[in-house]
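Okay, here's what each chain looks like letter by letter:
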Amino acid sequence: MAQFSTALRNARLAAITTAVGTNGRFRVYDSEDTLLADLACSATFAAEPSDGVLTANPITQDFADASGVAAYAQVCKSDGTPVIRLTVSEAGQGGDAIINDVHIVQGGVVSVTSLTITEGNAGLA
């Protein structure tokens, strides 16, 4: 398996923030690809990555557009073009993005408590 330096891992992660651009979107979907919630990312998606980990800046909570069980999320450009697909879960369940409740009810509040992406294949200094 290939091993990447921390500098390369950080550069790959920084490219996500660049690709999202200004005022990206965080969209939550169910397993049938129904859009459940569409939340606004911070003007800058994330701070600089550190040690191969990218941590998103705060994402604005919003009300759900539809009811369903969250299966995944996408971080998109402001025009809706997807940049990255993520796993979602509640706290302690291991998702890339942690949301307040995976059982989403239309009109209910959806919030992201954390979003971190770890670039794999660490191994070189």
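So, here's what we can say about the structure. (Residues numbered from 1 in each chain as written. Predicted model: local features only at pLDDT ≥ 70, side-chain atom pairs only at ≥ 80, totals over all residues. Heavy atoms only, no water.)

Quick notes on helix α1 (residues 6-20)
Piece 1. Spanning 15 residues, α1 covers 22 Å between terminal C-alpha atoms, matching the ideal 21 Å at 1.5 Å per step.
Piece 2. Along α1, the positions that sit buried rather than exposed are Arg9, Asn10, Leu13, Ile16, Thr17 and Val20. Within α1, the buried residues cover an arc of 100° as seen down the axis, which keeps them to one side. In α1, the exposed positions that point more than 90 degrees away from the buried face belong to Ala7 and Thr18. (Helix = DSSP H or I, 4+ residues; strand = E, 2+ residues; numbered from the N terminus. Expected span 1.5 Å × (residues − 1). Buried < 20%, exposed > 50% of the residue type's maximum accessible area, 1.4 Å probe, protein only. Arc of directions from axis to C-beta.)

What about the nonpolar core?
Piece 1. Ile16, Phe26, Phe45, Val75, Ile104, Leu115 and Ile117 are the most contacted members of the largest nonpolar core, which totals 30 residues.
Piece 2. Within the residue set of this core, elements represented by two or more residues are α1, β2 (25-29), β3 (35-40), β7 (72-76), β8 (82-86), β10 (97-99) and β13 (112-118).
Piece 3. Beyond its immediate chain neighbours, meaning those up to four positions away, Leu115 contacts Phe26, Phe45, Leu54, Thr55, Ala56, Ile59, Val75, Leu86, Asp96 and Ala97. (Core = buried A, V, L, I, M, F, W, Y, C linked by side-chain atoms within 4.5 Å. Contact = heavy atoms within 4.5 Å.)

Notes on the packing of aromatic side chains
Piece 1. Enumeration over the complete set of coordinates arrives at 1 aromatic pair.
Piece 2. The ring of Tyr72 carries the charged tip of Arg85 above its face, separated from the ring centre by 3.5 Å. (Phe/Tyr/Trp six-rings, centres within 6.5 Å; stacked < 30°, edge-to-face > 60°. Lys NZ or Arg CZ within 6 Å of the ring centre and 35° of its normal.)

Some thoughts on the pairing of β8
Here is the key point about a regular strand: its side chains alternate between the two faces of the sheet.
Piece 1. In this sheet, β8 lies alongside β7 in antiparallel orientation, the contact comprising 4 bridges. Bridge assignment links Gln74 to a residue of β8, and that residue is Arg85.
Piece 2. Counted along the chain from β7 to the antiparallel partner β8, the turn is 5 residues long, and its residue Gly80 has a positive phi close to 95°. (Pairing = 2+ DSSP bridges.)

So, the pattern of salt bridges
Piece 1. On inspection of all chains with the given rule, the structure shows 3 salt bridges.
Piece 2. Between Arg12 and Glu119 there is a salt bridge, and its shortest N-O distance comes to 3.0 Å. Of this pair, Arg12 sits in helix α1 while Glu119 is found in the loop between β13 and β14 (122-124), placing the two residues 107 residues apart along the sequence.
Piece 3. Among the charged side chains, a salt-bridge network with shared partners connects Arg25, Arg27 and Asp38. (Salt bridge = Lys/Arg side-chain N within 4 Å of Asp/Glu carboxyl O.)

Structural notes on the sheet that holds β2
Piece 1. Read across the sheet, 4 strands follow the order β3-β2-β7-β8 without closing on themselves; strand pairing throughout is antiparallel. The sheet is open, and its two edges are formed by β3 and β8, each paired on a single side. In this sheet, adjacent strand axes meet at a mean angle of 20° when their direction is disregarded.
Piece 2. Sheet strands touched by α1: β7 and β8. Its angle to β8, the strand with the most contacts, is close to 130°. (Axes fitted to C-alpha atoms, helices over the stretch in contact; angles between N-to-C directions.)

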